[in-house]
Amino acid sequence: MTHIRVKDSIRRLHEDYVKRGEEDGKLIRLDRNENAFGHSKNVERALRHTSGALSSYPELYADSLLHKLADIHRISEQNIVAGNGSFELITAISQSYLNPEDEVIIPTPTFDWYKTASLLAHGHIIEVPVENHRISPDKILQAVTAKTKIIWLCNPNNPTGTVLSEVELHRFLEKLSPEILLVLDEAYIDFIRETEPVNSIHIVRTHPNVILLRTFSKVYGLASLRIGYAIGNAAVIEGIRNFKTPVSVNYLAIEAAVASLDDEAFRRSVVRQTAKQLDYLYKEFNQLGLSYIRSNTNFLTVCVGRDSDYVVNELKKRKILVRGGKDFGYPEWLRITVGKEEENQLVVTYLKGILS
Ligand SMILES: Cc1ncc(COP(=O)(O)O)c(C=O)c1O
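Let's talk about unusual backbone geometry
Phase 1: In this chain, T108 is followed by P109 through a cis amide linkage whose omega measures 0°.
Phase 2: Inspection of the secondary structure puts P109 in the loop between β3 (103–108) and α5 (113–120).
Phase 3: With an omega of 20°, the peptide bond between N158 and P159 qualifies as cis.
Phase 4: With respect to the helices and strands, the residue P159 is situated in the loop between β5 (148–154) and α7 (166–175).
Phase 5: Of note, N33 is a non-glycine position whose phi angle comes to about 55°, a positive value.
Phase 6: Of the residues examined, N33 reaches a relative accessible area of 1% and is grouped as buried.
Phase 7: Phi angles above zero are rare outside glycine, and R226 is one such case at about 60°.
Phase 8: Relative to the helices and strands, R226 is located in the loop between β7 (210–215) and β8 (228–231).

The structure is reproduced here in C-alpha cells:
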C-alpha cells in the first residue's frame, strides 16, 4: 500500500488508456486502426538475416532509414528524426518545446495522446471543438493567444476521419505566427480520398514552424515494431533528436521499415483494399439508414443512433471489438477499423441484428 500517486492532471487519462488496453486477444480487433492486410513480404525477407545483430546497439539515429527517407522525400537527413512510433515523438516534442503554462491548442475530438503528452510537459490545454466533424482552422486561429506554443493537428483526423486540404493548410499557415509550432500528424495520410493528396513536404520546406509526423504502424502494417518519424526544419528536429529517449528505435524496426519502403506495390494494395472495404461499408450503412462520416483513413465513424456502450458490448459478445464514441464525445457513434472483407461482413450482419 502506498500513497504515492501520479499527478492529478493525468490520473484519469491514464486509467482510460489502461482500460482500453486490457481486452481479450482472441477478439477480432477493429478498435485500434491496425492494418487488416498485414505487412509487406519484404519485411519477412529482411528479418530473416538478423544473426549477430541483436547483441549490438542499433544505429544511433536509425541512420539507414533516415538515408532512405531523405532520398524519397528529397530532403536532408538533418530534417528527419526517427522514433519509437509517433507516440514517442509526440512525447518528445512536448518535452523539448513546452515550458510550464505554455498553451497548447488541441482540436477535439482527436488522437488523445497529444493531451496526455502536453499535460506531462505541464502545458495548458485549450480544446477547440470540431465543426460538423471537421477541424476548423478559423476556430483554432481564434483560440491563439500570446501564450500559444504548439497546435496539434491530426490530418486526417482520428477519430472523425476528416481531412484539411493543402489549400486550407496554406491559408491557415498564412495567418499563423511563425513562433507557434504546428504539428501535423499524418498517420493516415496514405488513405486520403476526399481531397487531392496533400503535399506536406512542400509545406515543411516553406514553413520552419511545421513538423510532420509519419508512422509505419498504419499503411505499412508494422504497429508491433514501433517505428515512426518526424520531418521538419533542421534546428527544430535537432531539438527533438537531442532530448528524446536515446537509441529508442531498434534494429528489427529499422530493417523492417526500410524493407517496407521498397515495396510500393504493397502500400498501394493496402490503400486500394481499404477503399474497397470502405465502399462496402458505405453501401451497407446506407441501406441500414445509418449516417457516417466519409473517411480519409482506415476506419469509419458511424452513428448508430443509440448508446454506443450498448452496441460495443453487443458486438463484443459476438467477439468483435470496436471503439465506442462516448469517451471522445460522440455517445451514439462507433469508430470501426476497416477489417478484412469477411470481418466487415460480420460487422454488418451483427449490426443489422443489434440495431433492428
Ligand atoms: C493519429 C495517430 N497518431 C499516432 C498514432 C500512434 O502511432 P504509432 O503507432 O506510430 O505510435 C496513432 C495510433 O492509432 C494515431 O491514430
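Description of the pairing of β7
Phase 1: With 6 of its 6 residues buried, β7 lies for the most part within the structure.
Phase 2: Side chains V210, L212 and R214 of β7 all project onto a buried face; the interleaved residues I211, L213 and T215 project onto the opposite face, where all are buried too.
Phase 3: Of the strand pairs in this sheet, strand β6 (residues 181–185) and β7 are connected by 4 bridges, and their pairing is parallel. Across the sheet, residue L182 finds its bridge partner in β7, namely V210.

Focus: the side chain of T91
Phase 1: Structurally, T91 can be placed in helix α4 (residues 85–97).
Phase 2: For T91, a relative accessible area of 17% translates into the label buried.
Phase 3: If near-sequence neighbours (up to four positions away) are discounted, T91 is found in contact with W113 and A117.

A short note on the domain arrangement of the chain
Phase 1: Partitioning the chain into structural domains gives domain 1 (8–38 + 265–355) and domain 2 (41–261).
Phase 2: Contacts between the two partners involve 31 residues from domain 1, matched on the other side by 28 residues from domain 2.
Phase 3: Surface buried jointly by domain 1 and domain 2 totals about 2,500 Å² across both partners, of which 57% is contributed by carbon and sulfur atoms.
Phase 4: R193 is paired through a salt bridge with D279; the nearest N and O atoms lie 3.1 Å apart.
Phase 5: Between domain 1 and domain 2 we count 14 residue pairs in polar contact (both at pLDDT 80 or more) in total.
Phase 6: For the side of domain 1 that touches domain 2, the secondary-structure elements that each account for two or more residues are α1 (8–21), α11 (264–288), β10 (299–303) and β12 (333–337).
Phase 7: Examining the composition of the side of domain 1 that touches domain 2, we find that 9 residues originate from one element, α11, more than from any other.
Phase 8: Taken together, the residues of the side of domain 1 that touches domain 2 sort by class into 14 nonpolar, 10 polar and 7 charged.

Conventions we followed
- Residues numbered from 1 in each chain as written.
- Predicted model: local features only at pLDDT ≥ 70, side-chain atom pairs only at ≥ 80, totals over all residues.
- Heavy atoms only, no water.
- Helix = DSSP H or I, 4+ residues; strand = E, 2+ residues; numbered from the N terminus.
- Buried < 20%, exposed > 50% of the residue type's maximum accessible area, 1.4 Å probe, protein only.
- Pairing = 2+ DSSP bridges.
- Contact = heavy atoms within 4.5 Å.
- Domains from an automatic or database assignment.
- Buried area = accessible area lost by both parts, 1.4 Å probe.
- Salt bridge = Lys/Arg side-chain N within 4 Å of Asp/Glu carboxyl O.
- Polar contact = N/O pair within 3.5 Å; in protein donor to acceptor, adjacent residues only side chain to side chain.
- Nonpolar A, V, L, I, M, F, W, Y, C, P; charged D, E, K, R; others polar.

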